[in-house]
Amino acid sequence: MVRRVAVVGAGSSGLACIKICVEEGLEPVCFESSDDIGGLWKFKESPEPERSGIYRSLVVNTSKEMMCYSDFPMPADYPNYMHNSQLLQYYRLYADHFDLLRYIHFQTTVKSVAQKPDFSLSGQWDIVTINKDGEEERNVFDAVMVCSGHYTHPSLPLSGFPGYETFSGRCFHSWEYKDADACRGKRVVVVGIGNSGGDIAVEISRSAKKTFLSTREGAWVIGRMSSNGLPLDMTATTRLNNMLTLLLPNTLVNWAAERALNYKYDHRLYGLKPKHRLMDRRPLINDDLPGRILQGALVMKTNLKGFKDSGVEFEDGRVEENIDAVVFCTGYNVKFPFLPSVLTDGPQGELTLYKTLFPPSLVRPTLAVMGLFRSKGPITPIVEMQARWVVKVFTGSSCLPPKEKMLEVIESERKRNMKSYPCPRTAALQVEYIPYLDFMAKEVGVRPNLLTLLLTDPVLWVRIFFGPCTPYQYRLTGPGQWAGARQVILTQWERLAQPFRTRAVPESRPSAISPWAIVLGGTVAMAFVLSKTEITPVLSGAAQFLDRCKMFLKDSWFTLTPN
């Protein structure tokens, strides 16, 4: 029987795992190699080997209502997209509220995780740790939750670019980047157009003499802001949109989305347009990149080909001379050096995981790798749901399918994702936000029953189906039910508006002529003109329908009313 659980890492994933273990009556012991919580979101002035790092100016690209823990909303006065320091403060509030720090052993590094000789019977693990004094300790655990992250081993592919040995400038990975001070007045090339590459290129372009952004394939660029200035993910990540995406042809959805995006800035004109369609891959989230291109401070370039003394050459044959620095935003190698090699049984030595969590090779499912996925949605709600499911598996409340079935599912999902992500390793990490959450929620017993809600609580149903898929939805019923879930869903738009209320603004004067009056007046006019035809009853019905719509919109759930 599982009782004692080792949690490796005290970042956002580790904190959720500790809390959920405690709620399920388990005994978590968390090992954190640094002296603080926060993991990736703990900014450090200097990069530390085998630890994740972020740059000073980093702002989250998912909004506060979407990325919070499901039973702990962020403070209402927090900005919708916050600086990394505020997100770290939120994690501190979470840890304090649920008294999680007492389960964490700081400055303790996990050296090895190995199956006990009787693993097939006990499912237990031998874990060797090294404390701050350099002393080794050995402990036995019934289960392991790996929360150490995968942004700790930067991928710097210098050997793939001829001439780098004699290049006079500096080459470094974004993992080392903290701010643009060292690039002031210089000519800089940024390689890679992921979210980090976009952020860093924009920031450097504000003080550098010239900045070039090199990309292999380009990217669709989307800002954080949607219509009416609302957070993009609050308006886009809904169950309605998820259903429409599944029902409508991909070609139609891509055409409509790309057309709307190109209406703001033509991706072909700006040198951004990629080969893939918009909905096929994760877009680049960046508010400022198109503007920097428009101002000439940032220049788009094709993929880097090689180095030439003080310059660089691109695949289209063009050369830029007098380059002072090249920043590689080329991702990370996924490594868990403390795990047994038997788990890295993928084609290229990578982890093979069922639903990006469980190694199917284990006879006993008592180890899970948390947070090793990529999604178009926020990370925290997914990791929290992963933890809820994993703990149910550990305790036997939820059962995994046989090994053969798990391998079949892994291969099927990999092949499906390779239509958009040709690299098998990348394809294996992709998950669809709402479907993946709903799958795990069903396993846990907390998936919202939309039909029941429609019949018993239609007001809440409207918010859940048409509104943003916020994590509170998974606390309405079932194990871990939270009594405050319904209320925070009903008030989520108020918390979104709270940080904007920093000054009194004039009330909007109602229009002398209501738009509805114009519509209804036009209807009456048409009815008069066509009064001798059989269309009149139809128009009368249309007027009644519009009147009903007016009443519905008047009390609409998504109307934001200032306090």
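Use the structure listed above.
Residues numbered from 1 in each chain as written. Predicted model: local features only at pLDDT ≥ 70, side-chain atom pairs only at ≥ 80, totals over all residues. Heavy atoms only, no water.

Q: A description of the packing of aromatic side chains should follow, citing residues and the corresponding values.
A: Here a ring pair, both rings aromatic, is described through the centre-centre distance and the interplanar angle of the planes. Tallying each qualifying case throughout the model produces 24 aromatic pairs. Summarising the aromatic geometry, the rings of F336 and F338 are spaced 6.3 Å apart at their centres and angled 80° between planes, so their arrangement reads as edge-to-face. We classify F338 as buried; its relative accessible area is 10%. Put simply, the rings of Y69, F72, Y90, Y91, Y94 and F98 pair up and form one aromatic cluster. Note that R281 overlies the ring of Y421, its terminal NZ or CZ placed 5.7 Å from the centroid. (Phe/Tyr/Trp six-rings, centres within 6.5 Å; stacked < 30°, edge-to-face > 60°. Buried < 20%, exposed > 50% of the residue type's maximum accessible area, 1.4 Å probe, protein only. Lys NZ or Arg CZ within 6 Å of the ring centre and 35° of its normal.)

Q: Explain the sheet that holds strand β16 (residues 319-320) to me, and be specific about the residues and the numbers.
A: In spatial order, the strands read β14-β15-β16; together these three strands make up an open sheet with antiparallel pairing. On the outer flanks of this sheet lie β14 (304-308) and β16, each paired with one strand and no other. In the sheet, strand β15 (residues 311-314) pairs with β16 via two bridges, with the strands oriented antiparallel. Bridge pairing links V312 to E320 in β16. (Pairing = 2+ DSSP bridges. Helix = DSSP H or I, 4+ residues; strand = E, 2+ residues; numbered from the N terminus.)

Q: Can you lay out the pairing of β15 for me, pointing to particular residues and giving the numbers?
A: Burial along β15 is two-sided: G311 and E313 and V312 and F314, pointing in opposite directions, are all buried. Where β14 lies against β15, four bridges are found, and the strand directions are antiparallel. In the sheet register, L304 faces β15, and the bridge partner there is F314. In this structure, the hairpin formed by β14 and β15 is closed by a connection of two residues, where D309 is found at a positive phi of approximately 55°. Where β15 hands over to β16, the hairpin turn is made up of four residues, of which G317 adopts a positive phi near 90°.

Q: Which residues make up the pattern of salt bridges, and what values go with them?
A: A complete count under the given rule lists 30 salt bridges for this structure. The residue E176 makes a salt bridge to R170 at a minimum N-O spacing of 3.5 Å. Take R170: its relative accessible area is 43%, and that puts it in the partly exposed class. A single salt-bridge network, built from bridges that share partners, covers K19, E23, D71, E384 and R475. (Salt bridge = Lys/Arg side-chain N within 4 Å of Asp/Glu carboxyl O.)

Q: So what's going on with a nonpolar patch on the surface? Which residues, and what values?
A: Together, M243, L244, L246, L247, L248, L252 and W255 make up an exposed nonpolar region whose accessible area comes to about 700 Å². Broken down by secondary-structure element, the contributors of at least two residues to the nonpolar patch are α7 (239-247) and α8 (250-264). With respect to the helices and strands, L252 occurs in helix α8. Assessed through its relative accessible area of 41%, L252 is described here as partly exposed. (Patch = residues over 30% accessible without salt bridge, like charges linked within 9 Å, V, L, I, M, F, W, Y side chains within 5 Å. Areas by Shrake-Rupley, 256 points an atom, 1.4 Å probe, with all protein chains shown as cover.)

Q: Describe the side chain of S420, listing the residues and the values that go with them.
A: In this structure, S420 sits in the loop between α11 (403-417) and α12 (424-427). The exposure class of S420 is buried, given its relative accessible area of 18%. If we skip the residues at most four places from it in the chain, S420 touches D280 and R281. (Contact = heavy atoms within 4.5 Å.)

Q: Describe the packing of helix α1 (residues 12-23) against helix α10 (residues 380-395), and please don't skip the residues or the numbers.
A: Two elements in contact, α1 and α10, have axes whose closest approach is 9 Å; the angle formed by their N-to-C orientations is 35°. As α1 runs across α10, the sense of the crossing is right-handed. From α1, S13, A16, C17, I20 and C21 reach across to α10, where they touch V383, E384, A387, R388 and V391. The residue makeup of the contact of α1 with α10, split by class, is seven nonpolar, one polar and two charged. (Axes fitted to C-alpha atoms, helices over the stretch in contact; angles between N-to-C directions. Left-handed = near helix turned anticlockwise from the far one by under 90°. Nonpolar A, V, L, I, M, F, W, Y, C, P; charged D, E, K, R; others polar.)

Q: Residues and numbers for the sheet that holds strand β3 (residues 104-106), please.
A: Taken in spatial order, the five strands line up as β3-β2-β1-β7-β18 in an open sheet, and their pairing is parallel. Sheet topology places β3 and β18 (367-369) at the edges, where each strand pairs with a single neighbour. Taking the axes of each pair of neighbouring strands and ignoring which way they run, one obtains an average angle of 15° across the sheet. On top of the sheet, α10 reaches β1 (4-8), β7 (143-146) and β18; it is set at about 165° to β7, its chief contact.

Q: Kindly report on the pairing of strand β9 (residues 187-191), identifying the contributing residues and their values.
A: In terms of burial, β9 is largely enclosed, as five of its five residues are buried. On β9, burial covers both faces: R187, V189 and V191 on one face and V188 and V190 on the other are all buried. In terms of strand pairing, β9 meets strand β10 (residues 210-214) through five bridges, oriented parallel. Note that in β10 the partner of V191 across the bridge is S214. Handedness of the β9-helix α5 (residues 195-205)-β10 crossover: right-handed. Pairing of β9 with strand β17 (residues 325-328), which is carried by four bridges, proceeds in the parallel orientation. Directly across from V191, in β17, lies its bridge partner F328. (Right-handed = clockwise from strand over helix to strand, strands pointing away.)

Q: Account for the packing of α1 against helix α3 (residues 84-97), with residues named and values stated.
A: Taken N-terminus to C-terminus, the directions of α1 and α3 make an angle of 15°; their axes are 11 Å apart at the nearest point. Taken together, the axis directions place α1 and α3 in an arrangement best described as roughly parallel. Helix-helix and strand crossings are classified by hand; for α1 and α3 the assignment is left-handed. Of the residues in α3, those in contact with S12, L15, A16 and K19 of α1 are Y91, Y94 and A95. Residues that form the contact of α1 with α3 fall into these classes: five nonpolar, one polar and one charged. (Parallel < 35°, antiparallel > 145°, perpendicular 65-115°, else oblique.)

Q: Explain the nonpolar core residue by residue, including any values.
A: Counting 109 residues, the largest nonpolar core has M145 and I204 as the members making the most contacts within it. If one sorts the elements of this core by residue count, α10 sits on top with nine residues. If we skip the residues at most four places from it in the chain, M145 touches V5, A6, V7, V8, C17, C21, A368, M370, A387, V390, V391 and F394. Among the nonpolar cores identified, the runner-up in size contains 23 residues, and F31, F119, L343 and L429 belong to it. (Core = buried A, V, L, I, M, F, W, Y, C linked by side-chain atoms within 4.5 Å.)

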